[in-house]
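For reference, the chains in residue letters:
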Amino acid sequence: TRFVTRRSNRKGNTGRPYFKCLSCDRFLCFADRRGNDPSNPLCFCGASIKRQISGPEKDVARGVHFVCRLGECAFYRICVDANHQQCIVANGLL
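Residues numbered from 1 in each chain as written. Predicted model: local features only at pLDDT ≥ 70, side-chain atom pairs only at ≥ 80, totals over all residues. Heavy atoms only, no water.

An unreviewed UniProt entry annotates the chain as GRF-like zinc ribbon domain-containing protein of Lophium mytilinum.

Peer 1: What's the story with the environment of G55 in this structure? I'm lost.
Peer 2: Inspection of the secondary structure puts G55 in the loop between β4 (49-53) and β5 (64-68). Residue G55 is classed as buried on the basis of its relative accessible area, which comes to 11%. Expressed as a C-alpha distance, the spacing of G55 and R6, which sit 49 residues apart in the sequence, is 15 Å. Ignoring sequence-local partners within four residues, the contact set of G55 consists of K11, A61 and R62. (Helix = DSSP H or I, 4+ residues; strand = E, 2+ residues; numbered from the N terminus. Buried < 20%, exposed > 50% of the residue type's maximum accessible area, 1.4 Å probe, protein only. Contact = heavy atoms within 4.5 Å.)

Peer 1: Is there a simple way to explain the sheet that holds strand β6 (residues 76-78) in this structure?
Peer 2: In sheet architecture, strand pairing relies on hydrogen bonds along the backbone and comes in two forms, parallel and antiparallel. Pairing within the open sheet is antiparallel, and its three strands lie in the order β4-β5-β6. On the outer flanks of this sheet lie β4 and β6, each paired with one strand and no other. Across this sheet, the average inter-strand angle for adjacent strands is 30°, counted without regard to direction. Of the strand pairs in this sheet, β5 and β6 are connected by three bridges, and their pairing is antiparallel. Bridge pairing links H65 to I78 in β6. (Pairing = 2+ DSSP bridges. Axes fitted to C-alpha atoms, helices over the stretch in contact; angles between N-to-C directions.)

Next up, the structure:
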């Protein structure tokens, strides 16, 4: 089901449309083009992947990762730098 984030969203996603599975109460993906890039590889279901940044409450706060842009499959991969460490966005850049 499609929803829109509230104005009170503290993660920089105010007003963004997203999809959520009502039966399992799970966020699937955002329903916009932010993080999409035509050069991104394909995920398990054949859609291109989407770049996202995790919220401050996650294990790796502001960690960059990739997911299925349609929320159709369980694709998940972290974005790593040259030292094989997860890329993290500086707090001031959000």
